[in-house]
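# Summary of structural features
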Amino acid sequence: GAVVSQHPSWVICKSGTSVKIECRSLDFQATTMFWYRQFPKQSLMLMATSNEGSKATYEQGVEKDKFLINHASLTLSTLTVTSAHPEDSSFYICSMDRAKGDNEQFFGPGTRLTVL
Amino acid sequence: KNQVEQSPQSLIILEGKNCTLQCNYTVSPFSNLRWYKQDTGRGPVSLTIMTFSENTKSNGRYTATLDADTKQSSLHITASQLSDSASYICVVSSQYDYKLSFGAGTTVTVRA
């Protein structure tokens with residue numbers, strides 16, 4: 001149980017375009033979803049937290065107008081990187097919390113974004 | 001500030017050998033500590049989770065220990081296999097914060 005999927009697994013785009021990444025829980029409902037970014041040889045950095053039906057809470061230094069998060073349902077969250085630039089190239093990982101009180105997050109397999 | 005420090009940053013071991021990874025944290029009040037395995041280009045996968053009252057937890061060839069008094073944890077890999085090559089991340093949760101505190105990870109390379 002507790003399977004989280006992400007789509008696409010990798011994407012290459014031109015500078016200035018927008019890219020949408022989907023995160024789905026396959027066998028549970030998630031009250032809270034998280035988006036992380038991971039640069040090479042570094043640990044995961046939290047970008048934002050979202051709850052269904054409310055606006056996402058962004059971490060300091062993360063531009064909310066650039067990284068649009070839509071928590072569409074209890075099983076789906078999307079991250080849209082708008083007007084992507086080469087410095088946005090990174091590994092983006094989502095995670096979901098089943099709200100069982102133990103703060104356990106289940107991570108998706110990640111999406112590798114490369115902006116040319 | 002809640003922090004998690006891991007050591008060593010990386011290590012190379014021969015197949016079949018054992019190794020131990022270290023994690024020190026300052027997260028307070030402590031809720032639980034997890035060890036994750038992250039293969040290259042993949043998301044983290046949970047290996048073990050320990051709460052304050054647990055001293056050790058095993059998952060196959062992986063054994064984690066926790067000393068909540070000294071705020072230290074270790075992950076021991078027994079009889080390493082080539083598939084153990086990955087980054088191992090120590091993640092600590094606070095009772096009062098839904099955010100997780102991540103260590104930088106230890107990169108383990110197992111060679112034949």
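So, a few notes on the structure that sits alongside this text. (Residues numbered from 1 in each chain as written. Chains lettered and ligands numbered in written order. Predicted model: local features only at pLDDT ≥ 70, side-chain atom pairs only at ≥ 80, totals over all residues. Heavy atoms only, no water.)

## Some details on the overall build of chain A
The condition is simple: Only DSSP runs of H or I covering at least 4 residues are called helices, and only runs of E covering at least 2 are called strands; the numbering of each starts at the N terminus. Taken over C-alpha atoms, the radius of gyration is set against a globule rule of 2.2 Å times the number of residues to the power 0.38. Each residue gets one of three labels from its accessible area relative to the maximum for its type: buried under 20%, exposed over 50%, partly exposed in between, using a 1.4 Å probe on protein chains only. Contacts are assigned to residue pairs that have any heavy atoms within 4.5 Å of one another. This count recognises Lys and Arg as positive and Asp and Glu as negative, with His and chain-terminal groups excluded. Throughout, a charge is located at the NZ atom of Lys, the CZ atom of Arg, the CG atom of Asp or the CD atom of Glu.
A count of helical and extended segments in chain A gives zero helices and 11 strands. In sequence order, the secondary structure elements of chain A are arranged as β-β-β-β-β-β-β-β-β-β-β. Radius of gyration (C-alpha) of chain A: 13 Å, near the 13 Å computed for a compact globule of 116 residues. Projected onto its principal axes, the C-alpha positions of chain A cover 40 × 25 × 25 Å. The buried share among the 116 residues of chain A stands at 52%. Long-range pairs, those at least 24 residues apart, make up 56% of the contacts in chain A between residues at least 6 apart in sequence. One finds the centroid of the 11 positive side-chain charges in chain A at a distance of 5 Å from the centroid of its 11 negative side-chain charges.

## Comments concerning the overall build of chain B
The helix and strand tally for chain B stands at zero helices and 11 strands. Its C-alpha radius of gyration of 13 Å places chain B within 12% of the 13 Å reference for a compact globule of 112 residues. With the C-alpha coordinates of chain B rotated into their principal frame, the extents come out at 45 × 25 × 20 Å. Looking at chain B as a whole, 44% of its 112 residues qualify as buried. Counting only contacts in chain B whose residues sit at least 6 apart along the sequence, the fraction spanning at least 24 positions is 56%. Taken as two groups, the 10 positive and 8 negative side-chain charges of chain B have centres that lie 5 Å from each other.

## Here's the deal with the pairing of strand 2 (residues 10-13) of chain A
All names here are of chain A. Condition: What makes two strands pair is DSSP finding at least two bridges between them.
Burial along strand 2 is one-sided: the face carrying Val11 and Cys13 is buried and the face carrying Trp10 and Ile12 is not. In this sheet, strand 11 (residues 111-115) lies alongside strand 2 in parallel orientation, the contact comprising four bridges. In the strand pairing of strand 11, Ile12 is matched with Thr114.

## Focus: a nonpolar patch on the surface
Convention followed: Within this analysis, patches are made of residues with over 30% relative accessible area and no salt bridge. Like charges are joined at 9 Å or less; nonpolar side chains (Val, Leu, Ile, Met, Phe, Trp, Tyr) at 5 Å or less. A 1.4 Å probe and the Shrake-Rupley method give the accessible areas. Residues count as covered only by the protein chains that appear here. Every case where a carboxyl oxygen of Asp or Glu lies within 4 Å of a side-chain nitrogen of Lys or Arg is listed as a salt bridge.
A cluster of nonpolar residues, Trp10, Ile12 and Leu116 of chain A, forms a patch on the protein surface that exposes about 390 Å² of accessible area. Note that Trp10 of chain A resides in strand 2.

## Structural notes on the packing of aromatic side chains
Put simply, the rule reads: When two rings of Phe, Tyr or Trp (its six-membered ring) have centres within 6.5 Å they constitute a pair, described as stacked for plane angles under 30 degrees, edge-to-face for angles over 60, and tilted for the intermediate range.
Following the criterion strictly, the structure yields nine aromatic pairs over all chains and no others. Here the aromatic rings of Phe34 of chain A and Tyr36 of chain A are separated by 6.5 Å at their centres, their planes lie at 35°, and the arrangement is tilted. Of the two residues, Phe34 of chain A and Tyr36 of chain A, neither departs from the other in class, the shared state being buried. Look at Tyr25 of chain B and Phe30 of chain B: their rings are 5.2 Å apart centre to centre, the planes differ by 25°, and that puts the pair in the stacked class. In terms of burial, Tyr25 of chain B and Phe30 of chain B fall into one category: buried. A connected cluster of aromatic rings, assembled from ring pairs, spans Phe34, Tyr36 and Phe107 of chain A together with Tyr36 and Phe102 of chain B.

## Observations regarding the sheet that holds strand 7 (residues 67-73) of chain A
Residues and elements named next belong to chain A. Under the convention used in this document: An axis is simply a line fitted to the C-alpha atoms; with a helix, the fit covers only the stretch in contact. Between two such axes, the angle follows the N-to-C directions and lies from 0 to 180 degrees.
Pairing within the open sheet is antiparallel, and its four strands lie in the order 1-3-8-7. The open sheet has two edge strands, strand 1 (4-7) and strand 7, and neither has a second partner. Adjacent strand axes in the sheet meet at a mean angle of 15°, parallel and antiparallel pairs treated alike. Pairing of strand 7 with strand 8 (residues 76-81) involves five bridges; the strand directions are antiparallel. Note on strand 8: the bridge partner recorded for Leu68 is Thr80.

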